[in-house]
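The chain contents come next:
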Amino acid sequence: MCVVATMSNQETDAYTISPEMPAVFDGVKLAAVATVLYIIVRCLNLKSPTASPELTYQDTALNRFLLKSCPCLTKEYIPPLLWGKSGHLQTALYGKLGRVSSPHPNGLRKFLPMIDGATATFDLFEPMADHPTGDDITMVICPGIGNHSEKHYIRTFVDHSQKQGYRCAVLNHLGALPNIELTSPRMFTYGCTWEFGAMVGYIKRAYPQTQLIVVGFSLGGNIVCKFLGENRTNQERVLCCVSVCQGYSALRAQETFLQWDQCRRFYNFLMADNMKKIILSHRGSLFGSSTKLLDSSLSRLYTATSLMQIDDTIMRKFHGHSSLKEYYEKESCVHYIHNVNVPLLLVNSADDPLVHTSLLTIPRTLAEKKENVIFALSLHGGHLGFFEGAVLFPQPLTWMDKVIVGYANAMCQWEKQKPQCLGSGHTPNAPCQKEATQS
């Protein structure tokens, strides 16, 4: 007997549609993958081009020589392909990892008693090679907020500088080192130059033949520019100054730091949390019965969620400022930097999530008005990141390290040849024969 199977129209439709369902699912998967890839491309800023830094400077013989002798400033900066165009990732990797294969330079820690009973400390690292010019040159370095000589990015920079023939003196911000107790009820603040000035004074006395290269990172950039601009004598024996990733005006930055644009409010919270830990680690010295800080200040400190709250509650009181506005006004280098007459290189990154673009009008305007200033704005780099690399893994040395040492080398070469140029009848701003033949 032959059995014939029959199907209804509804069953036939189901049979003919079901083979198409996997194609629908594949389309959904492709859409999901495309969405994820789009988000990744946007977040990692992969479509952003690489470029050489945007430079603002006046056309002088010195500036032409410096830019010709320091090619890092004029050549294309190429960050790691997969993540280096994200200012957030550059900043996060600097903050968490510091640097790749960070070296361990050996230094000697110096202790300097201050007039108010505080004890400043700095680490001294001798050069590991002769300087190319044969001269004695010391880099005096001021790290970023709450940082010191043991931070990875400082160690990497110091090791690179030593190998290029530089002695390095690195300030340890007052209260930043976890194993060094405070000897007075005061710690480092946004613009206090006392400790840095004490370190520079020691170097000048201990090495009467040395010349100085002044270097400041982030908050340290504010301190060194303010220090040089406070008094003309502070610029004696200083060849040049380099400031990296500073914000120039705390008062102008105050409002931008409370905005969520570029996640600055979140970064503000993280830095405030770190500052609270540093302050509380010295609770006994800062909140003793003989200090200006009361228990009420301590309770407000616990609830603070921004640097501004901590500055208003604690930091401004160390130097007797009556208000947060007065503290920010008097401690910002924007009111002193125009007094700096030594060659000055100001470096910032356009994708720095901590420094709002509105603040960059300060160094740009300064470079337009003063012939001793070069303002370099890189397209990428984040905050103190500036990693370089091919695709994924960054190189141990960063673009920032190379730029500072390259600029310092160029400045030393200029200083070495300048007496010959001036002695042969050249004016200070006129190019000399050596400049024309400089490779």
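Here the structure is a predicted model, which means the values were calculated and not measured.

Caption draft 1: Examining the state of the cysteines more closely. Per the stated rule, a full pass over the model turns up zero disulfides. As a non-bridged cysteine, Cys-72 has Cys-70 as the owner of its nearest cysteine sulfur, 5.4 Å distant.

Caption draft 2: Examining the environment of Gln-90 more closely. Here Gln-90 shows up in helix 4 (residues 87-96). Given a relative accessible area of 0%, Gln-90 falls into the buried group. Sequence-wise, Gln-90 and Gly-382 are 292 residues apart; in three dimensions their C-alpha atoms are separated by 5.1 Å. Contacts of Gln-90, omitting those with residues within four sequence positions, involve Tyr-77, Pro-79, Trp-83, Gly-84, Gly-381, Gly-382, Gly-385, Phe-386 and Phe-387. Here Gly-84 takes part through its backbone oxygen, which lies 2.9 Å from a polar atom of the side chain of Gln-90. Within the structure, the side chain of Gln-90 is placed 3.0 Å from the backbone nitrogen of Phe-387, a separation counted as a polar contact.

Caption draft 3: Quick look at the pairing of strand 8 (residues 344-349). Most of strand 8 sits out of view: six of its six residues are buried. Here strand 8 shows a buried face lined by Leu-344, Leu-346 and Asn-348 and a second buried face lined by Leu-345, Val-347 and Ser-349. Looking at chain direction, strand 7 (residues 238-244) and strand 8 are connected through four bridges and run parallel. Bridge pairing in strand 8 places Val-244 opposite Val-347. Sheet topology places strand 8 next to strand 9 (residues 373-378); six bridges connect them, and they run parallel. Counted as the bridge partner of Leu-346 is Phe-375 from strand 9. In this region the chain leaves strand 8, passes through helix 14 (residues 361-369) and returns to the parallel neighbour strand 9; the handedness of that crossover is right-handed.

Caption draft 4: Inspection of the nonpolar core at higher detail. In terms of nonpolar packing, the biggest core is built from 72 residues, with Met-187, Phe-196 and Ile-279 touching the most fellow members. Discounting residues that sit within four places of it in the chain, Ile-279 has contacts with Met-187, Leu-286, Phe-287, Leu-301, Ile-310, Ile-314 and Met-315. With 47 residues, the next largest nonpolar core counts Tyr-166, Cys-245, Phe-386 and Phe-387 among its residues.

Caption draft 5: A look at unusual backbone geometry. One non-glycine residue, Cys-263, adopts positive backbone phi at about 60°. Tracing the backbone shows Cys-263 in the loop between helix 8 (250-256) and helix 9 (264-281). Even without being a glycine, Leu-384 presents a positive backbone phi close to 60°. Mapping Leu-384 onto the fold places it in the loop between strand 9 and helix 15 (399-423). Here Leu-384 falls in the buried class, since its relative accessible area comes to 0%.

Caption draft 6: Just helix 13 (residues 324-331), in detail. What helix 13 keeps buried is the set Leu-324, Tyr-327, Tyr-328 and Glu-331. Along the long axis of helix 13, the arc covered by the buried residues comes to 90°, so they all point the same way. On its buried face, helix 13 is in contact with helix 7 (219-230), helix 8 and helix 12 (307-313).

What counts, and at which threshold
- Counting from 1, residues in each chain are numbered in the order their sequence is written.
- Reporting of local features is limited, given that this is a predicted model, to residues whose pLDDT is at least 70; pairs of side-chain atoms are given and counted only at 80 or more, and all residues count toward the totals for whole chains, interfaces and linings.
- Hydrogens and water are ignored here; the side-chain numbers use all heavy atoms of the structure.
- Here, the term disulfide refers to a pair of cysteine sulfur atoms separated by no more than 2.5 Å.
- Elements are defined by DSSP. Helices are runs of H or I of four residues or more, strands are runs of E of two residues or more, and each kind is numbered from the N terminus.
- To sort residues, take the accessible area from a 1.4 Å probe on protein chains only and compare it with the maximum for the residue type: under 20% means buried, over 50% means exposed, and anything in between is partly exposed.
- Any pair of residues with heavy atoms lying within 4.5 Å of one another is described as a contacting pair.
- Any pair of nitrogen or oxygen atoms within 3.5 Å is treated as a polar contact; in protein, a donor-acceptor pairing is required on top of that, and neighbouring residues in sequence qualify only through side-chain atoms on both sides.
- Think of it this way: DSSP has to see at least two bridges between two strands before they count as a pair.
- Looking down the strands as they point away from the viewer, one classifies a crossover as right-handed if the path from the first strand across the helix to the second runs clockwise.
- We define the nonpolar core as a collection of buried residues of types Ala, Val, Leu, Ile, Met, Phe, Trp, Tyr and Cys that are connected through side-chain atoms lying within 4.5 Å of one another.
- Directions from the helix axis toward the C-beta atoms define the arc.

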